[in-house]
Structure formats: C-alpha cells, structure tokens
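Architecture at a glance
In case you want the letters, here they are:
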Amino acid sequence: MKTLPLLGLASLLLATGCQSQAQHVNDHWSGQYVAPSMARHFLSYNPELDGNYRDFAWEKKRAINWTIKRHFFNHNPENPFQPYDAEAFAPRPNNSLVPHPENYIHYEGIAMGAIIYGASGAFIPLPIDSIIGTFDEGGGKEFFDGVEEFTRPLGQVTTSFLYDGIGFERASDQ
C-alpha cells in the first residue's frame, strides 16, 4: 500500500521533469509547434542543426548542381582524377537577384514556375528558398549588397559623365 503513493509521487516528478526544454519547441499539442514543424517537414530545415538559412539553402543548391554535373555531364567535382573545378568550391555568393539571377532563382524557382504555369497559364519563377533567405535575419542587407555590386559600375560611369558635363575634376584627375 505504501508503494502506490510513492509510485504516484515518482511519476509526478518524472512528468514535471519533461518541461526542462524550451517552451513549445517540441510540444506537438500546442499551436506554436505548427510553424516550426511545417518548416522542418516542407523545407527540410532544422535551425538547431543547419544554422543560417541562406547557407543551408546554398548547400542544397550546390548539391543539386553537383548532381546534375555528375549525371548529365559526367563530371564529379570531388573526383581527384578529373580536372579541378574552382567554381564548385567557391564561397557562397550574395543571396540576391542580381548580378547572377541563376543563383537566386535556381532550378527550384523554375520548377515552381512550371507548376504555376500548369495551374494558371503564366510562368512565374518563384524561388521559395531564396525568398525565405532574403527575409531571414541579415538577408535584406545581403540582397541589397548584391544590388549594389550590380549597379556600382553603372554608377561610376554615370558619375564620370556627370563630372565631365558639369566640369568638375574627378578624384583620379587631381
């Protein structure tokens, strides 16, 4: 008879010990669990293991590029007996639509565009991973860094024409 209250107390202590994790992170009975669970299942992204979303998305894109190179072009960037491909091991570029829209839209955007085309008749490439990365923390700054990288040469040319037209001396002429 004394073991029943002791067993009840032990089970109560064990049940309260389950609350040691962060609030609602793994509690699938709450509404706060829905968004992280959907993100993990649809995007295959787990922020605890994968880190920054833009880096995670770039690694997925690079894996797709390598798979296409291996299967269609018979080239494996990791094979030491094939020519070295510096582009395969290059650092991640800015997550920006310009100057290289193929890195931002990628095959995922083309596939989503084909789905939208089939449903509505309008081809609109929709790069979900890149858009999520743009709205992630620091993603907007990185997006506009890419825009600045793209527009900087045009700005230098127009500035030089403006200085010539007005008659100012450029800093390089002084």
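Being a predicted model, the structure only gives us computed values, none of them experimental. (Residues numbered from 1 in each chain as written. Predicted model: local features only at pLDDT ≥ 70, side-chain atom pairs only at ≥ 80, totals over all residues. Heavy atoms only, no water.)

Time to look at the overall build of the chain. Helix and strand counts for the chain come out as seven helices and zero strands. Along the chain, from the amino end to the carboxyl end, the secondary structure elements read α-α-α-α-α-α-α. Relative to its full complement of 174 residues, the chain shows a buried share of 20%. A separation of at least 24 residues holds for 45% of the contacts in the chain among residues at least 6 apart in sequence. (Helix = DSSP H or I, 4+ residues; strand = E, 2+ residues; numbered from the N terminus. Buried < 20%, exposed > 50% of the residue type's maximum accessible area, 1.4 Å probe, protein only. Contact = heavy atoms within 4.5 Å.)

Moving on, we get to helix α5 (residues 101–120). Taking 1.5 Å of rise per residue, 20 residues should cover 28 Å, yet α5 covers just 24 Å from first to last C-alpha, more than 12% shy of that figure. When the local axis directions of α5 are compared, the greatest deviation, roughly 50°, occurs at G109. Residues of α5 that are buried include every one of Y104, H106, G109 and G113, and no others. Trailing α5 by a residue or two, G121 shows a phi angle of about 90°, which is positive. (Expected span 1.5 Å × (residues − 1). Bend = angle between axes of the 7 residues up to and from the residue.)

Here we take up the pattern of salt bridges. Taken as a whole and judged by the stated rule, the model has nine salt bridges. Here E59 makes a salt bridge to R62, at a shortest N to O gap of 2.8 Å. On the criterion of helical spacing, the pair formed by E59 and R62 is a turn pair, its members being three residues apart in helix α4 (residues 53–72). The class of E59 is partly exposed, set by a relative accessible area of 41%. Across the pair K141 and D145 runs a salt bridge whose closest N-O atoms are separated by 3.1 Å. One end of the pair is K141 and the other is D145, both in helix α7 (residues 139–166) and four residues apart, which spans about a single turn. Taken together, the salt bridges that share partners define one network made up of R54, D55, R92 and E142. (Salt bridge = Lys/Arg side-chain N within 4 Å of Asp/Glu carboxyl O.)

Moving on, we come to the environment of F56. With respect to the helices and strands, F56 occurs in helix α4. The exposure class assigned to F56 is buried, which follows from its relative accessible area of 12%. C-alpha of F56 to C-alpha of S44: the two residues are 12 residues apart in sequence and 9.7 Å apart in space. In this view, F56 contacts L43, S44, Y45 and D50; residues no more than four positions away in its chain are not counted.

Glancing now at a nonpolar patch on the surface. On the surface, I64, Y107, I110, Y117 and F123 cluster together to form a nonpolar patch covering roughly 510 Å² of accessible area. In terms of residues, the nonpolar patch owes the most to one element, α5, which gives three residues. Within the secondary structure layout, I110 lies in helix α5. (Patch = residues over 30% accessible without salt bridge, like charges linked within 9 Å, V, L, I, M, F, W, Y side chains within 5 Å. Areas by Shrake-Rupley, 256 points an atom, 1.4 Å probe, with all protein chains shown as cover.)

A separate point is the packing of α4 against helix α6 (residues 128–135). Across the interface, α4 lies against α6 with an axial gap of 9 Å and an inter-helix angle of 160°. Relative to α6, the element α4 is oriented roughly antiparallel. Relative to α6, the crossing made by α4 is left-handed. Residues Y53, R54, A57, K60 and K61 of α4 form the contact with α6, whose participating residues are D129, S130, I132 and G133. A class-by-class count of the residues in the contact of α4 with α6 yields three nonpolar, two polar and four charged. (Axes fitted to C-alpha atoms, helices over the stretch in contact; angles between N-to-C directions. Parallel < 35°, antiparallel > 145°, perpendicular 65-115°, else oblique. Left-handed = near helix turned anticlockwise from the far one by under 90°. Nonpolar A, V, L, I, M, F, W, Y, C, P; charged D, E, K, R; others polar.)

Purely spatial values, then, with no claim about function.
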